[in-house]
Amino acid sequence: MSRAVSVSLQKGGVGKTTIAINLADALAARGNDVLLVDLDQQGNATEGVGLKDAYESSEPNIGDVLTDDDPIDVHEVIRDRESFDVLPSHVDLDDIEDRVRNSTFGVLWVRRRIVDPLLGDDYDYIVIDSPPSLGPLSDAALIGTGNVVVPLLMSEPSVSGFERMFEQQIGPIRREVDLDILAIVPNDLTGNNEEKRIIRNLEDSPFERFIPPFAHSDLFDDPDSKGPGIRHRIAFSRAWRDGKTLREYDPSNDMLDRLDQLAEIVERGGTNDA
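Note that this is a predicted model, so its numbers are computed, not measured.

Turning to the overall build of the protein chain, a few remarks are in order. Each helix and strand counted, the protein chain has twelve helices and seven strands in total. Here the C-alpha atoms of the protein chain give a radius of gyration of 18 Å, agreeing with the 19 Å that 2.2 N^0.38 yields for 274 residues. Its C-alpha atoms give the protein chain principal-axis dimensions of roughly 60 × 40 × 30 Å. Counting every position in the protein chain, which comprises 274 residues, the buried fraction comes to 54%.

Printed below as a string of structure tokens:
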């Protein structure tokens, strides 16, 4: 089954782009045709897959797809890549967000101009790296995909950011359209006691069912485990610096199996689906 998914949290610095890039890569490694869409105004996903030149390009860009004035076909701005394709971000995305905000049906543009024309026909999976803030582009990504993966640092500010997102964004959107949380992904863990406390708090909350099996707190005490979640690995930042996915940069990295499990969750449509 084809599926679109946003990787989103209304708090910066949680490794959102790292998860988006490497989720797209993991889905592609499982034999799927995948498109990574960079809707973050900062363009970190675009740079992190080696397409920094596209961010300031004078050629047609994502802004020409998301416009009131004679939008161009999305196929014209997709960049080919070895394992998956990319719809790059652009320096003008702040202006594009204003267009989305000020247009009656602007929040539907991502669905109508990107997801609907491509999903199922051209791509099995579309992964959107969303902006790290509440706003019309972020709303458009969630409405356009109908699915979200939430990366979280195991810190109080990160968890508070998710709680705000759930109350102020996910909840209101769910009252109008379907929006499923596929997974909450503890990210960049080092194994300290604060991380253990926060994961256990999540496990005691209504959000427990969204935590993947590879992120459960009992792995802290398993001598045969590297610990729960996506662990801190310097290879993630080095891969981004070189414009590569983790798999391309370090094909033996021990986090690739965790990313593969996350890709399987996206394929299934959630952590609890058989």
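Here the structure, examined in full by the defined rule, presents 17 salt bridges. Of the charged contacts in the structure, one is a salt bridge between Arg247 and Asp25, with a shortest N-O distance of 2.7 Å. Placement of Arg247 in helix H11 (residues 246-249) and of Asp25 in helix H1 (residues 16-29) is noted, with a sequence separation of 222 residues between them. By relative accessible area, Asp25 is classed as buried at 3%. Between Asp221 and Lys196 there is a salt bridge, and its shortest N-O distance comes to 3.8 Å. Taken as a pair, Asp221 in the loop between helix H9 (193-203) and strand S7 (230-231) and Lys196 in helix H9 lie far apart in primary sequence, 25 residues in all. Shared partners join several salt bridges into a network, and the residues in it are Lys16, Asp40 and Asp129.

Looking now at unusual backbone geometry. Despite not being glycine, Asp188 shows a phi value in the positive range, around 60°. Residue placement: Asp188 occurs in strand S6 (residues 180-189).

Within a pair of aromatic rings, the relevant descriptors are the distance that separates the centres and the angle that separates the planes. Tallied over the full model, the rule gives three aromatic pairs. Consider the rings of Phe162 and Phe207, whose centres lie 4.8 Å apart with planes at 70°: the pair is edge-to-face. Linking Phe162 in helix H8 (residues 156-174) with Phe207 in the loop between H9 and S7, this pair joins segments that are 45 residues apart in sequence. As far as burial versus exposure is concerned, Phe162 and Phe207 are alike and both buried.

This paragraph deals with the sheet that holds S6. One open sheet holds the seven strands; their spatial order is S3-S2-S4-S1-S5-S6-S7, and the pairing between them is parallel. Among the strands making up the open sheet, the edge pair consists of strand S3 (85-87) and S7.

Taken residue by residue, H9 has Glu195, Lys196, Ile198, Ile199 and Leu202 as its buried positions. Of the surrounding secondary structure, the elements contacted by the buried residues of H9 are strand S5 (147-152), H8 and S6. In this structure Asn192 caps H9, since a side-chain oxygen of it lies 3.1 Å from the backbone nitrogen of Glu194.

Take the packing of helix H7 (residues 136-145) against H8 next. Where H7 contacts H8, the axes come no closer than 10 Å and their chain directions differ by 50°. Taken together, the axis directions place H7 and H8 in an arrangement best described as oblique. Where H7 crosses over H8, the two elements pack in a sense that is right-handed. Within the contact between the two elements, H7 uses Ser138, Asp139, Leu142 and Ile143 and H8 uses Met165, Gln169 and Ile173.

Another aspect to go through is the environment of Asp53. Positionally, Asp53 belongs in helix H3 (residues 52-55). By relative accessible area, Asp53 is classed as exposed at 52%.

Calculation rules
- For every chain, the first residue of the written sequence is number 1, and numbering continues from 1 along that sequence.
- Two thresholds apply to this predicted model, a pLDDT of at least 70 for residue-level local features and 80 or more for giving and counting side-chain atom pairs, whereas whole-chain, interface and lining totals are computed over all residues.
- Hydrogens and waters are ignored; side-chain quantities use all the structure's heavy atoms.
- In this description a helix means any DSSP run of H or I spanning at least four residues, a strand means any run of E spanning at least two, and both kinds are numbered starting from the N terminus.
- Note that the radius of gyration is over C-alpha atoms, with the globule rule given as 2.2 Å times the number of residues to the power 0.38.
- Residue burial is assigned from relative accessible area. The probe radius is 1.4 Å, only protein chains are included, and a residue is buried under 20% of its type maximum, exposed over 50%, and partly exposed in between.
- For this document, the term salt bridge refers to a Lys or Arg side-chain nitrogen within 4 Å of an Asp or Glu carboxyl oxygen.
- Stacked, tilted and edge-to-face pairs are distinguished by plane angle, under 30 degrees for stacked and over 60 for edge-to-face with tilted covering the rest, among Phe, Tyr and Trp rings (Trp via its six-membered ring) whose centres lie within 6.5 Å.
- Pairing between strands is defined by DSSP: at least two bridges between them are needed.
- Working rule for contacts: check all heavy atoms of both residues, and any pair within 4.5 Å makes them a contact.
- N or O atoms within 3.5 Å of each other form a polar contact, as long as, within protein, one can give a hydrogen and the other can take it, and as long as residues adjacent in sequence are counted only when both atoms are side-chain atoms.
- Here, axes are lines fitted to C-alpha atoms. For helices the fit covers the stretch in contact, and angles between N-to-C directions go from 0 to 180 degrees.
- Each angle receives one of four descriptions, namely roughly parallel if under 35 degrees, roughly antiparallel if over 145, roughly perpendicular if within 65 to 115, and oblique otherwise.
- A clockwise turn of the near helix away from the far one marks a right-handed crossing, whereas an anticlockwise turn of less than a right angle marks a left-handed crossing.

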